[in-house]
Amino acid sequence: RDLDLKQKDFSGTAVLQLAMNGILKSPETFRGNGAIDIRNGRLLQTNLFKQMGDLVVVKVEGFDLVVIQALNATFDIYDKRIWTQNLNLFGNTVYLNLNGSIGFDQTLDLLMDIRYSPDILRGAQDVGGIVPFVVAEAEDFISQYKIRGTLKEPKYDKKPLPVGSIVGKKLSSLLNLH
């Protein structure tokens, strides 16, 4: 699985707010919080989600190479790590929500939830027939990933969604609350 963090055409418009204190040469003293918002970008590209396009009776296009175009998050800084409960990445075909932490040493400890982008859901509606049903059902069973390792060498462990989460998604869909 390729997560290309060295891409040469990295771009976007960023707004960063940061309030931090500590001793510059002592990262263990850093404390703070902030928010970041990047839009109209090309932040990273990956083939990690390739299998999400291969559904029963339908092939959903656009998952061979997903481009992340926007990002937003709030975060806290302490214990030589950046902590977040809402790192959101918006791609052309997927929306990702991550929570956990990234260490100053580039170590990762994150949980990633995956959703189809609104463009994919609208496209399924446009095709009609059984396709919207298949795509909606598939989205309810998309797994979470535990991300460990480092920024240079991330390791993705697929985690099946707990039954309660699937039932919650189903109820939300029925009540149209998402």
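What counts as what
Residues numbered from 1 in each chain as written. Predicted model: local features only at pLDDT ≥ 70, side-chain atom pairs only at ≥ 80, totals over all residues. Heavy atoms only, no water. Phe/Tyr/Trp six-rings, centres within 6.5 Å; stacked < 30°, edge-to-face > 60°. Helix = DSSP H or I, 4+ residues; strand = E, 2+ residues; numbered from the N terminus. Buried < 20%, exposed > 50% of the residue type's maximum accessible area, 1.4 Å probe, protein only. Pairing = 2+ DSSP bridges.

A word on the packing of aromatic side chains
Line of reasoning, step 1. Evaluation of the coordinates by the stated rule reveals 5 aromatic pairs.
Line of reasoning, step 2. Relative to Phe-104, the ring of Phe-30 lies with its centre 5.8 Å away and its plane at 55 degrees, an arrangement referred to as tilted. Here Phe-30 is found in the loop between β2 (11–21) and β3 (31–42), whereas its partner Phe-104 is found in the loop between β9 (94–103) and β10 (108–116), with 74 residues between them in sequence.
Line of reasoning, step 3. A relative accessible area of 13% means that Phe-30 is categorised as buried.
Line of reasoning, step 4. Both rings, one in Tyr-78 and one in Trp-83, keep their centres 5.3 Å apart while their planes meet at 10 degrees; by these two values the pair is stacked.
Line of reasoning, step 5. A relative accessible area of 34% means that Tyr-78 is categorised as partly exposed.

What about unusual backbone geometry?
Line of reasoning, step 1. Even without glycine at this site, Asp-79 takes up a positive phi of about 55 degrees.
Line of reasoning, step 2. Within the secondary structure, Asp-79 is located in the loop between β7 (66–78) and β8 (81–91).
Line of reasoning, step 3. If you check the backbone angles, Gln-106 has positive phi at about 75 degrees while not being a glycine.
Line of reasoning, step 4. Checked against the element boundaries, Gln-106 lands in the loop between β9 and β10.
Line of reasoning, step 5. Residue classification places Gln-106 among the partly exposed positions, given a relative accessible area of 35%.

Looking at the pairing of strand β11 (residues 144–149)
Line of reasoning, step 1. With 3 bridges connecting them, β10 and β11 associate as antiparallel partners. Looking at β11, one finds that Leu-110 is bridged to Ile-147.
Line of reasoning, step 2. The sheet contact formed by β11 and strand β12 (residues 154–159) spans 6 bridges and is antiparallel. Its bridge partner being in β12, Lys-146 is matched across the sheet by Asp-157.
Line of reasoning, step 3. Linking β11 to β12, which pair antiparallel, is a turn of 4 residues.

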